[in-house]
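# Understanding the architecture of this molecule
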Amino acid sequence: MPDPDPFWWRDAEPSRPRRVEGGIQINSTRGPVARTWWSQRFLSVLESLGVGGRLSRGRSYARAGQIVSLDIDVGGAVAQVQGSRPQPYQVRIGVPAFGKAEWAAVAQALTDDASYAAALLNGEMPRDIERVFEAVGLSLFPANERDLAMDCSCPDYAVPCKHLAAVCYVLAERFDADPFQILALRGRHRDALLEELRARRSAAPAPAYGEDLAQVMDRFWASGELPEQLAGPRTPPDALLDQVPPFPIEIRGEQAAELLRPAYRALGAEI
């Protein structure tokens, strides 16, 4: 067997990439890239799968705009990333898409809880939406290494290479702007999901409030037993008037409190 090429390093890419005019770049110039909880969750999942430690290799690429193109569709994202060679590298990040039956179960679970449907119809990602997927035996984000595929045409053997890592950062910012792109990776685009949620909510039978209320009118309201009369002297019904400061004016020579006293005593007699 011939010896390995001793000059393998000649295929390695130099550190300075070719400049791209109008390339896709992230807005973050320093600090964390992800701003929303769902994009932070996406990056944290990559870290939990053992690739997060190498993500920083592509941060400078993402900030410099080295990504020529990026398309997000069912099952993953494909991109072209410009390195030092004349032709951009072909990059792909893939996740398995859910089938129709699986998405039907998710849509029904989202419809059953009005708060989830309302948030999605408002363009927001519910914070605990992962629980909905888990309840039907699915995972919104990649659950393990088999749930995430990363490929790049560059000669770097590391996964992710800096080209893949750059695309991960751009994806995180795309998710910040539009959380529905996370759902698109799993097989359901924004319009299709929202249309299904509206259809399921419209088809849900309305409760027969009038009929149910008529059936329980005899027990709809019931009070508990009245407390026993408290022991002690009865307070005169006009005692409150004795605590009111005198008015600065009189009515036909009488204080207002004295004019009101007969009415207070009459009300006390009726109780």
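Residues numbered from 1 in each chain as written. Predicted model: local features only at pLDDT ≥ 70, side-chain atom pairs only at ≥ 80, totals over all residues. Heavy atoms only, no water.

## Quick look at the nonpolar core
As a reminder, the rule being used: The nonpolar core is taken to be a set of buried Ala, Val, Leu, Ile, Met, Phe, Trp, Tyr and Cys residues, with the residues joined through side-chain atoms within 4.5 Å. Per-residue accessibility, obtained with a 1.4 Å probe over protein chains only, is compared with the maximum for each type, and a residue is labelled buried under 20%, exposed over 50%, and partly exposed between these values. Starting at the N terminus, helices and strands are each numbered in turn, a helix being any DSSP run of H or I of at least four residues and a strand any DSSP run of E of at least two. Residue contacts follow a heavy-atom distance rule, with two residues in contact if any of their heavy atoms lie within 4.5 Å.
Ranked by size, the top nonpolar core spans 59 residues in total, and within it Ile-67, Leu-70, Leu-110, Phe-133, Val-167 and Leu-171 carry the most contacts. In terms of residue count, the dominant contributor to this core is helix α6 (residues 162–177) (10 residues). Apart from residues lying up to four places away in sequence, Leu-171 is in contact with Phe-42, Leu-70, Ile-72, Ala-77 and Ile-93.

## Let's talk about the confidence of the model for the protein chain
Applicable threshold: Residue-level confidence of the predictor, termed pLDDT, takes values from 0 up to 100.
Chain-level pLDDT for the protein chain is 80 on average; 79% of the residues reach the 70-or-more range. Predicted confidence is poor over residues 1–11, with pLDDT under 50, and the contacts of this stretch with residues over four places away or in other chains come to two contacts.

## Some words on the environment of Asp-151
Residue position: Asp-151 is located in strand β4 (residues 149–152). Relative accessible area serves as the criterion here: at 42%, Asp-151 is assigned to the partly exposed category. Setting aside its immediate chain neighbours within four residues, Asp-151 contacts Gln-90, Val-91, Arg-92 and Leu-164.

## Overview of the pairing of strand β1 (residues 67–73)
As a reminder, the rule being used: Pairing between two strands requires that DSSP report at least two bridges joining them.
With six bridges connecting them, β1 and strand β2 (residues 76–81) associate as antiparallel partners. Each residue of the ladder has a partner; that of Leu-70, found in β2, is Ala-79. The turn joining β1 and β2, which pair antiparallel and follow one another in sequence, is formed by two residues; a positive phi near 90° is taken by Gly-75.

## Topic: the environment of Leu-164
Mapped onto the fold, Leu-164 is located in helix α6. Since its relative accessible area comes to 2%, Leu-164 is described here as buried. Taking the C-alpha atoms as reference, Leu-164 lies 8.3 Å from Leu-55; in sequence the two are 109 residues apart. Here Leu-164 is in contact with Val-91, Arg-92, Ile-93, Met-150, Asp-151 and Cys-152, once residues within four sequence places are set aside.

## Quick notes on the pairing of β2
Two elements, β2 and strand β3 (residues 89–94), share six bridges in a ladder whose sense is antiparallel. Across the sheet, the residue bridging to Ala-79 is Val-91, located in β3.

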